[in-house]
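Residues per chain, in single letters:
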Amino acid sequence: QVQLVESGGGLVQPGGSLRLSCAASGIVFSIYTMGWYRQAPGQQRELVANIGSGETTNYADSAKGRFTISRDNSKNTVYLQMNSLKPEDTAVYYCNARWMPWRNEYTYWGQGTQVTVSS
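Let me begin by describing the structure that accompanies this report. (Residues numbered from 1 in each chain as written. Predicted model: local features only at pLDDT ≥ 70, side-chain atom pairs only at ≥ 80, totals over all residues. Heavy atoms only, no water.)

**Thoughts on the packing of aromatic side chains**
Just so we agree on the cut-off: Side-chain rings of Phe, Tyr and Trp, where Trp is taken by its six-membered ring, are said to pair if the distance between their centres is within 6.5 Å; with planes under 30 degrees apart they count as stacked, over 60 as edge-to-face, and otherwise as tilted. Labels follow the DSSP assignment, with helices taken as runs of H or I lasting at least four residues and strands as runs of E lasting at least two, numbered in each case from the N terminus. Three labels apply to residues, based on accessible area from a 1.4 Å probe with only protein chains included: buried if under 20% of the type maximum, exposed if over 50%, partly exposed otherwise in between.
For the coordinates displayed, the defined rule picks out four aromatic pairs. On the basis of an interplanar angle of 45 degrees and a centroid distance of 5.9 Å, the ring pair of Tyr 32 and Trp 99 is categorised as tilted. Highlighted residues: Tyr 32 in the loop between strand 3 (18-25) and strand 4 (33-39) and Trp 99 in strand 9 (residues 91-99), separated in sequence by 67 residues. Of the residues examined, Trp 99 reaches a relative accessible area of 31% and is grouped as partly exposed. Following the ring pairs from residue to residue traces out a cluster consisting of Tyr 32, Trp 99, Tyr 106 and Tyr 108.

Given below as structure tokens:
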């Protein structure tokens, strides 16, 4: 059974930092592209950042320069370091694991963790 368990969300003031973690089990973690998505109330879920099996990273424009995604294959964990947080970063953040071998797609989601940026 695949599980993605996020942690690290919470309430932070504007300009503050948070580090999200996502621990995966039930998958061969190292071969998956791992990503962080977010969904604000009334809006669609959007990609924040992802990191491939070769550790190539990709960021949404809103995250560039402020957020850093990383992975530790020995711990089956992906991280999202978020600095200089803004109120518009408030959302539920979801961890995603994706593997696309031979035109198939295997995608899994975590349950989400709330990030609230407010003074």
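**Overview of a nonpolar patch on the surface**
Operational definition: The residues that make up patches have over 30% relative accessible area and no salt bridge, and they are joined within 9 Å when like-charged or within 5 Å when they are Val, Leu, Ile, Met, Phe, Trp or Tyr. Note that accessible areas follow from Shrake-Rupley with a 1.4 Å probe, and for residues the cover is restricted to the protein chains shown. Counted as salt bridges are all cases of a side-chain nitrogen of Lys or Arg within 4 Å of a carboxyl oxygen of Asp or Glu.
Taken together, the side chains of Val 28, Ile 31, Trp 99 and Tyr 106 present a nonpolar region at the surface, about 340 Å² in accessible area. If you trace the backbone, Val 28 turns up in the loop between strand 3 and strand 4. Residue class for Val 28 comes out exposed when judged on its relative accessible area of 53%.

**Digging into the environment of Arg 38**
Rules: For this analysis, residues touch if any pair of their heavy atoms sits within 4.5 Å. Distance and chemistry together define a polar contact, namely a pair of N or O atoms within 3.5 Å, with one atom able to donate a hydrogen and the other to accept it when in protein, and with adjacent residues in sequence counting only for side-chain atoms on both sides.
As for its placement among the helices and strands, Arg 38 is situated in strand 4. With 51 residues separating them in the primary sequence, Arg 38 and Asp 89 have C-alpha atoms 8.6 Å apart. Those residues within four positions of Arg 38 in sequence are excluded, and the remaining contacts are Gln 44, Arg 45, Glu 46, Val 48, Ser 62, Phe 67, Glu 88, Asp 89, Ala 91, Val 92 and Tyr 93. Among the polar contacts listed, one links the side chain of Arg 38 to the side chain of Asp 89, at a separation of 2.9 Å.

**Side note on the side chain of Arg 66**
Note that Arg 66 resides in the loop between strand 6 (57-59) and strand 7 (67-72). You can call Arg 66 buried: its relative accessible area is 12%. In this structure Arg 66 touches Gln 81, Met 82, Asn 83, Ser 84, Leu 85, Lys 86 and Asp 89, once residues within four positions along its chain are discounted.

**Details of unusual backbone geometry**
Phi is positive for Asn 76, close to 50 degrees, though the residue is something other than glycine. Phi at Arg 103 is positive, roughly 70 degrees, even though this residue is not glycine. With respect to the helices, strands and loops of the structure, Arg 103 is situated in the loop between strand 9 and strand 10 (106-109). Looking at Arg 103, the relative accessible area reads 88%, which means it is exposed.

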